[in-house]
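Residue-level structural notes
Here is what each chain is made of, one letter per residue.
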Amino acid sequence: MRMALDKIMEILGVDHVLTPYETQPWMFYHEGEGITCSAEIRMGGRGTDVEAEVQFIKDHGDEDEGEEEGQGDQSGGGEELPPEPRIDPMTGMPIPPEEDMGPPVLEQLKAGKPYQVMFMRILPLSSGDNEWATRKLFVKGKDFENDFHGWEEKGCEFFRACIEAMQMGEIPDIEELIETVLADSSWGGGRRGRIGRKSPKIKPANLLGMKSGM
């Protein structure tokens, strides 16, 4: 992906090029789940790097109850069975262990501890043509850099999809987005991205302090 910075900003949901140290935040709070989803685009102090991040944080939980239940299960004496392998929805085949990204995000949340869902870094190219490109992409701790063709565009689309879910009053379904957005379309998986198309503006004011009421 080689693109002017203002175009990348538009794709990510920002209507202008950020100045040094400037940030563009979004936040959605799901009252029923007690979960806050926050997203942010920020420009570095020298204006030479852009970072995008998505985080979840749970404001209450039942960790103590879970520990008590776990201790009770251990005293039962039976041998714990290994977890069933995850199945690739496109091929119907088991996903190899090295490709398994672990349990769903919402199952891993611990009260008061931020969970970084996504981190992406965008840097200018040395060509001098005012073109920028994605250089780092981590989702659920997995490094997607050069993982498949088009990973740069898919990273931008993933971030955008999280913002759109928040605007609709929903917690982004990270596992579904991984399977649909971060899929290698050259092998027939995933849906085609909107990269390069005119993107509607997303106003952060519509999200800050927003509650679903669920």
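Look a little higher up for the structure.
Conventions we followed
Residue numbers run consecutively from 1 along every chain, following the written order of its sequence. Thresholds applied to this predicted model are a pLDDT of at least 70 for local features of residues and 80 or more for the giving and counting of side-chain atom pairs; totals over whole chains, interfaces and linings are not thresholded and use all residues. Water and hydrogen atoms were dropped before computing side-chain values, which therefore reflect all heavy atoms in the structure. Helix numbering and strand numbering both begin at the N terminus, where a helix is a DSSP run of H or I of at least 4 residues and a strand a DSSP run of E of at least 2. Should any heavy atoms of two residues lie within 4.5 Å, those residues are counted as being in contact. Whenever two N or O atoms come within 3.5 Å, that pair is a polar contact, provided that in protein one can donate a hydrogen and the other can accept it, and provided that, for residues adjacent in sequence, both atoms are side-chain atoms. In summary, the pairing rule links any two rings of Phe, Tyr or Trp, Trp by its six-membered ring, whose centres are within 6.5 Å, and it sorts them by plane angle into stacked for under 30 degrees, edge-to-face for over 60 and tilted for everything else. Ring-over charges, as used throughout, are those where CZ of Arg or NZ of Lys falls within 6 Å of the ring centre and within 35 degrees of the ring normal. A carboxyl oxygen of Asp or Glu within 4 Å of a side-chain nitrogen of Lys or Arg is what we treat as a salt bridge. The span one expects for a helix is its residue count, reduced by one, times 1.5 Å. Relative accessibility thresholds used throughout: buried, under 20% of the residue-type maximum; exposed, over 50%; partly exposed, between the two (1.4 Å probe, protein chains only). Orientation is described by axes fitted as lines to C-alpha atoms, over the contacting stretch for helices, and by angles from 0 to 180 degrees between their N-to-C directions. Roughly parallel means an angle under 35 degrees; roughly antiparallel means over 145; roughly perpendicular covers 65 to 115; every other angle is labelled oblique. Ten residue types, Ala, Val, Leu, Ile, Met, Phe, Trp, Tyr, Cys and Pro, are classed as nonpolar, four, Asp, Glu, Lys and Arg, as charged, and the remainder, Gly among them, as polar. Here, any two strands with at least 2 DSSP bridges between them count as paired.

**Focus on the environment of arginine 42**
- Mapped onto the secondary structure, arginine 42 falls in strand S3 (residues 35-43).
- Along the sequence, arginine 42 and leucine 18 sit 24 residues apart, while their C-alpha atoms lie 7.4 Å from each other.
- In this view, arginine 42 contacts Leu18, Glu22, Thr23, Asp49, Val50, Glu51, Glu53 and Phe119; residues no more than four positions away in its chain are not counted.
- Reaching out from arginine 42, the side chain makes a polar contact with the side chain of glutamate 51 at a distance of 2.9 Å.
- Among the polar contacts listed, one links the side chain of arginine 42 to the side chain of glutamate 53, at a separation of 3.2 Å.

**Here's the deal with the packing of aromatic side chains**
- Counted by the stated rule, this structure contains one aromatic pair.
- In this structure, lysine 142 packs its charged tip against the face of phenylalanine 144, placed 5.3 Å from the ring centre.

**Quick word on the pattern of salt bridges**
- A complete count under the given rule lists eleven salt bridges for this structure.
- Salt-bridge contacts for glutamate 40 lead to arginine 42; the nearest nitrogen and oxygen are separated by 2.7 Å.
- Between glutamate 145 and lysine 136 there is a salt bridge, with its nearest N and O atoms 3.4 Å apart.
- Here the residues in one salt-bridge network are Glu40, Arg42, Asp49, Glu51, Glu53 and Arg121, joined through shared partners.

**Remarks on helix H4 (residues 151-167)**
- Here H4 is 17 residues long and its end C-alpha atoms lie 24 Å apart, about the 24 Å a rise of 1.5 Å per residue gives.
- Judged by how many residues are buried, H4 sits mostly within the fold: 14 of 17 residues are covered.
- Following H4 by one or two positions, glycine 169 adopts a phi angle in the positive range, close to 75 degrees.

**Here we look at the packing of helix H1 (residues 5-12) against H4**
- One way to put it is that H1 packs onto H4 with a least axis distance of 8 Å and a crossing angle of 40 degrees. As far as their axial angle goes, H4 and H1 are oblique. For the pair H1 and H4, contact is made by Glu10, Ile11 and Leu12 and by Cys156, Phe159 and Arg160, respectively.
- When grouped by side-chain class, the residues that make up the contact of H1 with H4 number four nonpolar, no polar and two charged.

**Some words on the side chain of threonine 36**
- By the secondary structure assignment, threonine 36 is in strand S3.
- Classification of threonine 36 as buried rests on a relative accessible area of 17%.
- Those residues within four positions of threonine 36 in sequence are excluded, and the remaining contacts are Met27, Phe28, Tyr29, Gln55, Phe56 and Ile57.

**A look at the pairing of strand S6 (residues 131-139)**
- Sheet topology note: the strand S1 (residues 3-4)/S6 ladder contains two bridges and is antiparallel. Paired with alanine 4 across the two strands is glutamate 131, which belongs to S6.
- Where strand S5 (residues 115-124) and S6 come together, seven bridges link them in antiparallel fashion. Bridging from a neighbouring strand, arginine 121 pairs with lysine 136 of S6.
- Note that S6 and strand S7 (residues 142-143) share two bridges and pair antiparallel. If you follow valine 139 over to S7, its bridge partner there is lysine 142.
- Here S6 folds back onto S7 in antiparallel fashion, the turn holding two residues, of which lysine 140 has a positive phi close to 55 degrees.

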